[in-house]
Number of protein chains: 2
Amino acid sequence: MGQPERPDAEMSDNKKKTQFLTEVELEFMTRLWELGQATVRDVQDALAPARKLAYTSAATILRILEQKGFVTSTKQGKTFIYQAALSKDTYQSRSLKNLSEKLFDNAPATLVARLVDDYDLTEETLGEIRALIDKRLRDDKR
Amino acid sequence: MGQPERPDAEMSDNKKKTQFLTEVELEFMTRLWELGQATVRDVQDALAPARKLAYTSAATILRILEQKGFVTSTKQGKTFIYQAALSKDTYQSRSLKNLSEKLFDNAPATLVARLVDDYDLTEETLGEIRALIDKRLRDDKR
DNA sequence: CCCTTTCTACGAAGACGTTCGTATTTCTCC
DNA sequence: GGAGAAATACGAACGTCTTCGTAGAAAGGG
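Below is a short write-up of the structure. (Residues numbered from 1 in each chain as written. Chains lettered and ligands numbered in written order. Predicted model: local features only at pLDDT ≥ 70, side-chain atom pairs only at ≥ 80, totals over all residues. Heavy atoms only, no water.)

## Digging into the pattern of salt bridges
Residues and elements named next belong to chain A. This is how the line gets drawn: Any carboxyl oxygen of Asp or Glu that lies within 4 Å of a side-chain nitrogen of Lys or Arg is treated as forming a salt bridge with it. In this description a helix means any DSSP run of H or I spanning at least four residues, a strand means any run of E spanning at least two, and both kinds are numbered starting from the N terminus. Only protein chains enter the calculation, and the probe is 1.4 Å; a residue is then buried if its accessible area is under 20% of its type maximum, exposed if over 50%, and partly exposed in between.
Under the definition given, this model contains 21 salt bridges over all chains. Here Lys68 ties to Glu25 by a salt bridge, and the two come within 2.7 Å at their closest N and O atoms. Here Lys68, found in the loop between α3 (55-67) and β2 (71-76), pairs with Glu25, found in helix α1 (residues 23-35); they are 43 residues apart in sequence, far enough to count as distant. Judged by its relative accessible area of 31%, Lys68 is partly exposed. The exposure class of Glu25 is buried, given its relative accessible area of 5%.

As structure tokens, then:
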């Protein structure tokens, strides 16, 4: 009784959590990560000229981002102040993990290989990367 | 000559080239990359159980992929044989470049840093990556 | 106090994505 | 050669994304 029939048998997640940002949302999060805190106006002003949006569009995007849990807001007077609820580092990790799973058979070494092959990395950059690996190898040893 | 000026701004491309695959499209391309050549039926059968689609849905996705230029087809009798028009390597490169630009300020070293920090990479994997860097450093020297 | 400015809330419109059903074509083989 | 199986073509239905306009609330200064 009570519960309506769910013949389907498939999951039960009430809210489908949106793990990833859409194109425009990413642009907005990037601005927020840079600004730290910002009003709709602040973010709108910070958009690259090529991607300017109407003020109300910017407000809509921020409202959606809050609905999805990517940002939080506090009210100051009549104005909302927005802040990222998710660090850029965290989102970078999530995205990389996803890319690795979906496109690199979960083999990070393959991913790095492609990166190193494709980019004209400077000797300096290569050195940096190597240092990271070495550090990690040393740390793991302990 | 002939080439019309395209100062910058935005393009008037009649066809908006879709650079990237959607979720379902990527799943299909992954199957095609594995199979090499395949009919609608082949691809449908190869889908993970959790992602099974009706036969006509599979056919639709492949038709769309062809419209977008990601696959080509040849007719064999009444049946289409599909094949990826884009190598997995190429698509990996494109995706990595995009991620690097959009989320890592175009700094591949940062990307690798995050990867190395987040994953519990085995010593072996780390060694592989290191070898790749070293090889590249050596090659660049010449 | 009321006019202007600035904000939020919400809905509309159009593009795209996903899934499938129906209609049509094509092949096969008794 | 006709019936049935298997393929393709297409469009409907529904959801999400992106963009914006309109409407109404909140300040605040003359």
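## What to know about the protein's contact with DNA strand D
Heads up, the rule is: Residue proximity to a molecule or strand is established when one non-hydrogen atom of the residue lies within 4 Å of it. In protein, a polar contact means a hydrogen-donor-capable atom and an acceptor-capable atom, both N or O and within 3.5 Å, with residues adjacent in sequence counting only if both atoms are side-chain atoms; elsewhere, any N or O pair within 3.5 Å suffices.
Near DNA strand D you find 20 residues, and of these Thr22, Ala54 and Thr60 of chain A together with Arg41 and Phe80 of chain B are the closest. Backbone atoms, meaning sugar and phosphate, make up 67% of the atoms of DNA strand D lying within 4 Å of the protein. The side chain of Thr60 of chain A places a nitrogen or oxygen atom 2.8 Å from a base nitrogen of DNA strand D. Between Lys78 of chain B and DNA strand D, the recorded distance is 3.0 Å, taken from a side-chain N or O atom to a base nitrogen.

## A few points about the relation of the copies chain A and chain B
Operational definition: Copies are brought into register by a least-squares superposition over C-alpha atoms of residues with pLDDT of at least 70 in both. By definition, residues are in contact when any of their heavy atoms lie within 4.5 Å.
Rotating chain A by 180° and translating it 0.0 Å along the rotation axis places it on chain B, where the RMSD comes to 0.1 Å. On this basis, the relationship between the two copies can be described by a two-fold rotation axis. Residue Arg130 of chain A of chain A places its C-alpha closer to the rotation axis than any other residue of that unit, at 3.1 Å. In this assembly, 100% of the residues forming the interface of chain A have copies in chain B that are likewise at the interface, indicating an isologous arrangement.

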